[in-house]
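# Descriptive analysis of the structure
Below, each chain spelled out in residue letters.
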Amino acid sequence: MIWWPNTIFSNKVQEANWELYKKQKAAEAILYKKEKEAEAQKAIAEAAFYARKQLVDGELYSKKKEAEGLVALAQAQGVYLRTLLDALGGNYAALKDYMMINNGMFQQIAKTNAEAVQGLKPTISIWTNGTGGEATDGSVAGGNVAIKEVAGLYRMLPPLFKTVQEQTGMQPPPWLGTLTNSTHPN
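Residues numbered from 1 in each chain as written. Predicted model: local features only at pLDDT ≥ 70, side-chain atom pairs only at ≥ 80, totals over all residues. Heavy atoms only, no water.

## Some words on the overall build of the protein
Looking only at helices and strands, the protein features four helices and zero strands. Each helix and strand of the protein, ordered N terminal to C terminal, gives the series α-α-α-α. Residues counted as buried form 5% of the 186 residues belonging to the protein. In the protein, of all internal contacts separated by at least 6 residues, the share reaching a separation of at least 24 is 24%. Element-wise, carbon and sulfur atoms account for 62% of the exposed surface of the protein, whose accessible area totals about 16,000 Å². (Helix = DSSP H or I, 4+ residues; strand = E, 2+ residues; numbered from the N terminus. Buried < 20%, exposed > 50% of the residue type's maximum accessible area, 1.4 Å probe, protein only. Contact = heavy atoms within 4.5 Å. Areas by Shrake-Rupley, 256 points an atom, 1.4 Å probe, with all protein chains shown as cover.)

## A few points about the packing of helix α2 (residues 92–102) against helix α3 (residues 105–117)
Packing of α2 against α3 brings their axes to within 5 Å, and their N-to-C directions diverge by 60 degrees. Note on element contacts: α3 touches α2 through Met105, Phe106 and Gln107, opposite Asp97, Met100 and Ile101. When its residues are assigned to classes, the contact of α2 with α3 shows four nonpolar, one polar and one charged. (Axes fitted to C-alpha atoms, helices over the stretch in contact; angles between N-to-C directions. Nonpolar A, V, L, I, M, F, W, Y, C, P; charged D, E, K, R; others polar.)

## Remarks on a nonpolar patch on the surface
On the surface, Tyr80, Leu81, Leu88 and Tyr98 cluster together into a nonpolar patch covering about 330 Å² of accessible area. Its location among the elements puts tyrosine 80 in helix α1 (residues 3–87). Look at tyrosine 80 and you get partly exposed, because its relative accessible area is 37%. (Patch = residues over 30% accessible without salt bridge, like charges linked within 9 Å, V, L, I, M, F, W, Y side chains within 5 Å. Salt bridge = Lys/Arg side-chain N within 4 Å of Asp/Glu carboxyl O.)

## A few points about the side chain of aspartate 97
For aspartate 97, the location among the structural elements is in helix α2. Summary of buried charges: aspartate 97 has no salt-bridge partner, and the nearest side chain of opposite charge, lysine 96, is 4.1 Å away. Apart from residues lying up to four places away in sequence, aspartate 97 is in contact with Phe106, Pro173 and Trp175. (Lys, Arg positive; Asp, Glu negative; His and termini not counted.)

## Things to note about the environment of leucine 84
The residue leucine 84 is located in helix α1 in this model. Along the primary structure leucine 84 and methionine 99 are separated by 15 residues, whereas in three dimensions their C-alpha atoms are 9.6 Å apart. For leucine 84, the contacting residues outside a window of four places in its chain are Leu95, Tyr98 and Met99.

## Details of the pattern of salt bridges
As enumerated under the stated definition, the model contains seven salt bridges in all. Between glutamate 19 and lysine 22 there is a salt bridge, with the nearest N and O atoms lying 3.5 Å from each other. Separated by three residues within a single helix, glutamate 19 and lysine 22 lie in helix α1, roughly one turn from each other. Glutamate 19 gets classed as partly exposed once you look at its relative accessible area, which sits at 38%. With its nearest N and O atoms 3.2 Å apart, the salt bridge here joins lysine 65 to glutamate 68. In this pair, lysine 65 and glutamate 68 both sit in helix α1, three residues apart, roughly one turn of the helix. Residue classification places lysine 65 among the partly exposed residues on the basis of a relative accessible area of 40%.

## Details of the confidence of the model for the protein
Across the protein, the average pLDDT comes to 82, with 80% of residues at or above 70. Helix α4 (residues 145–168) is the least confidently modelled element of the protein, averaging 81 in pLDDT, while α1 averages 91, the highest of any element. pLDDT under 50 marks residues 135–139. Its contacts with residues more than four places away, or in other chains, come to two contacts. (pLDDT = per-residue confidence, 0-100.)

## Thoughts on the layout of surface pockets
Sizing a probe to match a water molecule and rolling it over the atoms shows the empty space that remains. The calculated volume of the second largest pocket comes to roughly 410 Å³. Around the second largest pocket sit 18 residues that line it, and Asp97, Phe106, Gln171, Pro172 and Pro173 are the ones nearest its centre. For the lining of the second largest pocket, the elements supplying multiple residues, two or more each, are α2 and α4. Sort the elements by how many residues they give to the lining of the second largest pocket and α2 lands first, with seven residues. Split by residue class, the lining of the second largest pocket holds 14 nonpolar, two polar and two charged. (1 Å grid on protein atoms, 1.4 Å probe; cavity = no way out; pocket = protein on both sides within 12 Å on 5 of 7 lines; lining within 4 Å. Points joined across faces, edges and corners; volume = space filled by probe spheres on them.)

Given below as structure tokens:
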């Protein structure tokens, strides 16, 4: 029975080879599974990256278009203001006054002032210009009543402008009149 030990040895080698083969196949199966999981994770990551990139690209595109719109709006406003300024003969003060009127600034100031003084007791200022165009006997001095009324109106404007300037800080438009620092009547 000489062949018996060889057969046992041969069987042991085959069993060892079989175990090795099974372990190799199991390891290959695990490796294959891990590779597929890694590929799946990579695909998921790439999909998430692509989706995020698309979102960021969309936001960037939106911001670029918004910026282009703002630039176009600013350019149009510049042309508009230049056209107005040219039409007003380069007079910046007139342009400012026009813009304030056109944009409702004076209405807003009036509304704000009205809200500010709501509930306050008003102080009434009365401006006079002297005799009011009457002589001491009650008759009209001179004879030209209309001119004296207009003169009285013009004498009333400086104190009115001064009061408005003290209360609001606003000067009258130059075409209407200017304030002087003198306190003596003209």
